[in-house]
Amino acid sequence: MPGPDRAHQRPPGVGDDTVAALGKLSEALECVEVARGHLYAFHRLSGTADLTTGEAVARLRDAGHDEIADRVERELVGRNVIDGRWTFQVVEAYDDTYYSAFKALEQEARDALVDGRRHLYEAQMKEDRRTPGHPDHTATPDTSPDAPPDAGPERIG
């Protein structure tokens, strides 16, 4: 049964502890990526709320409620979400201060320890959980139990 493609095989001499440690670092980066996605969602939703509030102001004016429209416009439209910042500035600060540093250090660790290979922990987990000979448990998309040994991407099996 062929194993993972070369991009997902640990280099010679790399032990389980190293793969597990890099797996944890990768898992942490995935959390940072999700947090960043939520931050971008916050950015989009806050921007949409501001634009929609502007539309509400126009409708309040059209309905003859100028005093309330003026107050909503003055107090809410274009308001900072955090002292001195709109959400784009929050996103940029997160990207520049935390996200980019995290991504760079995770890449540096993989480059130094496993020739930059990604998801070695998950690739090993997949190998451990595959059912030999089952057509839905192949190592790579190009493999099947009936495929000739040289079919598909380069593998060591």
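What counts, and at which threshold
- Residues numbered from 1 in each chain as written.
- Predicted model: local features only at pLDDT ≥ 70, side-chain atom pairs only at ≥ 80, totals over all residues.
- Heavy atoms only, no water.
- pLDDT = per-residue confidence, 0-100.
- Contact = heavy atoms within 4.5 Å.
- Helix = DSSP H or I, 4+ residues; strand = E, 2+ residues; numbered from the N terminus.
- Buried < 20%, exposed > 50% of the residue type's maximum accessible area, 1.4 Å probe, protein only.
- 1 Å grid on protein atoms, 1.4 Å probe; cavity = no way out; pocket = protein on both sides within 12 Å on 5 of 7 lines; lining within 4 Å.
- Points joined across faces, edges and corners; volume = space filled by probe spheres on them.
- Axes fitted to C-alpha atoms, helices over the stretch in contact; angles between N-to-C directions.
- Parallel < 35°, antiparallel > 145°, perpendicular 65-115°, else oblique.
- Left-handed = near helix turned anticlockwise from the far one by under 90°.
- Nonpolar A, V, L, I, M, F, W, Y, C, P; charged D, E, K, R; others polar.
- Phe/Tyr/Trp six-rings, centres within 6.5 Å; stacked < 30°, edge-to-face > 60°.
- Lys NZ or Arg CZ within 6 Å of the ring centre and 35° of its normal.
- Polar contact = N/O pair within 3.5 Å; in protein donor to acceptor, adjacent residues only side chain to side chain.

Of all residues in the protein, 90% attain a pLDDT of 70 or more, and the chain-wide mean is 91. Across residues 148-157, where pLDDT falls below 50, the model places 21 contacts with residues more than four positions away in sequence or in other chains.

At Asp115, a residue that is not glycine, the phi angle is positive and equals roughly 55°. Tracing the chain through its elements places Asp115 in the loop between helix H3 (87-114) and helix H4 (120-129). Assessed through its relative accessible area of 57%, Asp115 is described here as exposed. Positive phi values are uncommon outside glycine, yet His119 reaches one of about 55°. For His119, the location among the structural elements is in the loop between H3 and H4. On the basis of relative accessible area, His119 is assigned to the partly exposed category, the value being 37%.

Let us now look at the layout of surface pockets. Size it by volume and the largest pocket reaches roughly 370 Å³. Along its surface, the largest pocket is lined by 17 residues, and Ser46, Gly47, Asp50, Arg79 and Val81 are the ones closest to its centre. Where the lining of the largest pocket is concerned, the elements lending two or more residues are helix H1 (16-62) and H3. The dominant element in the lining of the largest pocket, judged by the number of residues it contributes, is H1, at nine residues.

Here we come to the packing of H1 against H3. The interhelical angle for the contact between H1 and H3, taken along N-to-C directions, is 165°, at an axis separation of 10 Å. On the basis of the axis angle, H1 is roughly antiparallel to H3. In this structure, H1 meets H3 at a crossing whose hand is left-handed. The residue makeup of the contact of H1 with H3, split by class, is 19 nonpolar, five polar and six charged.

It is worth spelling out the packing of aromatic side chains at this point. The final tally for this structure, using the stated rule, is three aromatic pairs. Ring plane angle 80° and centroid distance 6.5 Å describe the contact between Trp86 and Phe88, whose orientation is recorded as edge-to-face. Where Tyr94 meets Tyr98, the ring centres are 5.8 Å apart and the plane angle is 50°; that geometry is what we call tilted. Of this pair, Tyr94 and Tyr98 are both found in helix H3, four residues apart, which corresponds to roughly one turn of the helix. The rings of Tyr94, Tyr98 and Phe102 are connected pair by pair, giving a single aromatic cluster. The lysine or arginine in question, Arg36, covers the ring of Tyr99, its NZ or CZ lying 4.1 Å from the ring centre.

Let's shift gears to the environment of Thr138. Among the structural elements, Thr138 can be located in the segment after H4. Given a relative accessible area of 17%, Thr138 falls into the buried group. Sequence-wise, Thr138 and Lys126 are twelve residues apart; in three dimensions their C-alpha atoms are separated by 9.6 Å. For Thr138, the side chain forms a polar contact with the main-chain oxygen of Thr140, separated by 3.2 Å.

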